[in-house]
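Observations on the model geometry
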Amino acid sequence: MTHLSPALRAVELYPFEELDRRKKEAVDAGRRVIDFGVGDPREETPVLVRDALKEAIGSLSSYPRAAGLPALRRAIAVWVDRRYGVRIDPDTQILPTLGSKELVFSLAQAVLDPAAGKDLVLTTAPGYPIPERGARYAGGDVHRLRLTEDRGFLPDLDTIPDEQWSRASLLWLNYPNNPTGAVAPLSFLAEAADRCRAHDVLLASDEAYSELWFGAEPPPGALQLPDLTNVVVLNTLSKRSSMTGYRSGFAAGDPTLIAALKRLRPAVGVTPQEFVQRASVAAWGDERHVEQNRARYAAKRAVFLELFARHGVHVARSEATFYLWVAVPSERPSLAWAIELLDRADVVVAPGSFFGPEGEGYVRLAMVPTLEECERAAGSLDRLFAEVRA
């Protein structure tokens, strides 16, 4: 039997694999299941992106350079200026990535230094499990910062003991937040960056949902901070432009860190293919399709907010992203309610416990099916809630 590393042996089943199994059983039984469990957009990738991709496929294929195409780095810099009013250097402060997940997982390998006592990664919970998995795979310890509704799903940085700050190498934040949909004010991001610099900790701000918002103003981002020392921002076209399968994103911020990552990248070979990079130039350069995307998600969101309000089901925050963080309307576990919604309404949602024990008491609804499917699901839930109340 092949001997595996302790880190690989410790890897747990990704929770959504269990959700997929339950969904498959329902579909195999001939039921018309609508899946709001996994956040994989099903909106069409914009035509301008697909056209750019086709035009970029030539007769010769070469290895992509680790630093990415200069044209893509410039397009990202222009987008950052347009979106945040901030100018960053495309040559020293931007690195194209294979989506954002690969760097969310691997960043701990670049900054953990147990020999120097920097063996701890700070993450928020409930949350996306990949930062914690990446930290543990790199041999680090993890301290989870609890997110609660009464604090607007912002971590309380005052609860981190000095001993943990001294051991920490990396603090992960994710706003707009998955799974809660909460938005962090710029003042909080500034406070987090100041504390990280004071303790020689890297602040990593995962902003994959920055363009899916429903308020009067777009959410702030860490690139707006006046000092980007010890700050790196990750973003991606996956949600903004419905390009999950293209795997195209970027890291931007502290030039010292970006330079270090550029040295590492040739060894791991994770730059997007050049034809994907050229399609990404088109995507970052266009805002019309993003506005249309937001409008589609807003229409779906309105359907569910009206439904839940009418039945007294509480939706927590959910100011941005395509997620609704819905309170379980009883004392039962979130998995039990999710199973009831699947069994009685053919609707799949993700139990909050999938995002850590801190997520218990909620389920996450990812508004990725079509508007027609959302309306059909709302009708099924309407009938179920009416039966329960009766």
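Refer to the structure printed above.
Just so you know, these numbers come straight off a predicted model, no measurement behind them.

Looking only at helices and strands, the chain has 14 helices and 13 strands in total. Scaling as 2.2 N^0.38, a compact globule of 390 residues should have a C-alpha radius of gyration of about 21 Å, and the chain matches this with 21 Å. The long-range share in the chain, meaning contacts at least 24 apart out of those at least 6 apart in sequence, stands at 76%. Put simply, the chain shows about 17100 Å² of open surface, and 52% of that area lies on carbon and sulfur atoms. Seen as two clouds, the 46 positive and the 52 negative side-chain charges of the chain have centres 4 Å apart.

Bringing the sheet that holds strand β12 (residues 350-351) into the picture now. Ordered in space as β9-β10-β13-β12, the four strands form an open sheet in which the pairing is antiparallel. Two strands in the sheet have a free side with no partner beyond their single neighbour: β9 (315-316) and β12. Together, β9, β10 (323-327) and β13 (362-366) form the strand contacts of helix α12 (residues 288-310), whose direction differs from that of β10 by roughly 10 degrees.

We now examine the packing of aromatic side chains. A complete count under the given rule lists 17 aromatic pairs for this structure. Their ring planes at 10 degrees and their centres at 5.0 Å tell us that Trp325 and Tyr362 sit as a pair that is stacked. Taken together, the positions of Trp325 in strand β10 and Tyr362 in strand β13 put the pair 37 residues apart, joining distant regions of the chain. For the pair formed by Trp325 and Tyr362, the shared burial category is buried.

Attention shifts here to helix α3 (residues 47-56). It helps to recall that an α-helix has 3.6 residues per turn; residues three or four apart then point in one direction. Three or more residues of α3 are buried, namely Val49, Ala52 and Leu53. The arc that holds the buried residues of α3, viewed along the axis, is 100 degrees, so those residues lie on one side. Across α3 from its buried face, at more than 90 degrees, point the exposed residues Lys54 and Glu55. Those residues of α3 hidden inside the fold are in contact with α11 (274-284).

Tallied over the full model, the rule gives four cavities of 30 Å³ or more. As a volume, the largest cavity reaches approximately 100 Å³. Residue lining of the largest cavity: Thr123, Thr124, Gly127, Tyr128, Pro131, Trp172, Leu173, Asn174, Asn177, Asn178 and Asp206, and that is the complete set. Going through the elements one at a time, β3 (120-125) and β5 (168-174) are the ones with two or more residues in the lining of the largest cavity. Among the elements that line the lining of the largest cavity, the one with the most residues is β5, at three residues. The residue inventory of the lining of the largest cavity, partitioned by class, reads four nonpolar, six polar and one charged. The space that makes up the second largest cavity amounts to roughly 70 Å³. Forming the walls of the second largest cavity are Leu19, Arg22, Leu335, Ala338, Ile339, Leu342, Val348, Val349, Pro351 and Phe354. Where the lining of the second largest cavity is concerned, the elements lending two or more residues are α2 (15-28) and α13 (334-345).

Sheet architecture is open: seven strands sit in the order β2-β8-β7-β6-β5-β3-β4, paired in mixed fashion. Two strands in the sheet have a free side with no partner beyond their single neighbour: β2 (94-97) and β4 (141-146). On average, each strand axis in the sheet is inclined to that of its neighbour by 20 degrees, with strand direction left out of account. Relative to strand β8 (residues 249-253), β2 is paired through four bridges, and the arrangement is antiparallel. When the sheet's bridge partners are listed, Leu95 is paired in β8 with Ala251.

Taken together, the side chains of Leu4, Leu8, Val11 and Tyr137 make up a nonpolar region of the molecular surface, amounting to roughly 320 Å² of accessible area. Relative to the assigned elements, Val11 resides in the loop between α1 (6-9) and α2. Look at Val11 and you get partly exposed, because its relative accessible area is 46%.

Our next topic: the pattern of salt bridges. Applying the stated criterion across every chain yields a total of 30 salt bridges. Measuring nitrogen to oxygen at the nearest pair gives 2.8 Å for the salt bridge that ties Asp194 to Arg197. You can see Asp194 and its partner Arg197 sitting in helix α8 (residues 186-198), three residues apart, about one turn around the helix. Of the charged contacts in the structure, one is a salt bridge between Asp382 and Arg310, with a shortest N-O distance of 3.0 Å. A residue pair is termed long-range when its members are at least 10 positions apart, and Asp382 in helix α14 (residues 371-389) and Arg310 in helix α12 qualify at 72 residues. Judged by its relative accessible area of 24%, Asp382 falls in the partly exposed class.

Of all six residues in strand β7 (residues 231-236), six are buried; the element is thus mostly enclosed. Residues Val231, Val233 and Asn235 point to one face of β7 and Val232, Leu234 and Thr236 to the other, with burial holding for every one of them. When strand β6 (residues 202-206) meets β7, the two strands line up parallel, connected through four bridges. By the bridge assignment for β7, Ala204 is matched with Val232. The pairing of β7 with β8 spans five bridges and is antiparallel. Bridge pairing in β8 places Leu234 opposite Ala251.

Rules behind the numbers
- Residues numbered from 1 in each chain as written.
- Predicted model: local features only at pLDDT ≥ 70, side-chain atom pairs only at ≥ 80, totals over all residues.
- Heavy atoms only, no water.
- Helix = DSSP H or I, 4+ residues; strand = E, 2+ residues; numbered from the N terminus.
- Rg over C-alpha atoms; globule rule 2.2 N^0.38 Å.
- Contact = heavy atoms within 4.5 Å.
- Areas by Shrake-Rupley, 256 points an atom, 1.4 Å probe, with all protein chains shown as cover.
- Lys, Arg positive; Asp, Glu negative; His and termini not counted.
- Charge placed at Lys NZ, Arg CZ, Asp CG, Glu CD.
- Pairing = 2+ DSSP bridges.
- Axes fitted to C-alpha atoms, helices over the stretch in contact; angles between N-to-C directions.
- Phe/Tyr/Trp six-rings, centres within 6.5 Å; stacked < 30°, edge-to-face > 60°.
- Buried < 20%, exposed > 50% of the residue type's maximum accessible area, 1.4 Å probe, protein only.
- Arc of directions from axis to C-beta.
- 1 Å grid on protein atoms, 1.4 Å probe; cavity = no way out; pocket = protein on both sides within 12 Å on 5 of 7 lines; lining within 4 Å.
- Points joined across faces, edges and corners; volume = space filled by probe spheres on them.
- Nonpolar A, V, L, I, M, F, W, Y, C, P; charged D, E, K, R; others polar.
- Patch = residues over 30% accessible without salt bridge, like charges linked within 9 Å, V, L, I, M, F, W, Y side chains within 5 Å.
- Salt bridge = Lys/Arg side-chain N within 4 Å of Asp/Glu carboxyl O.

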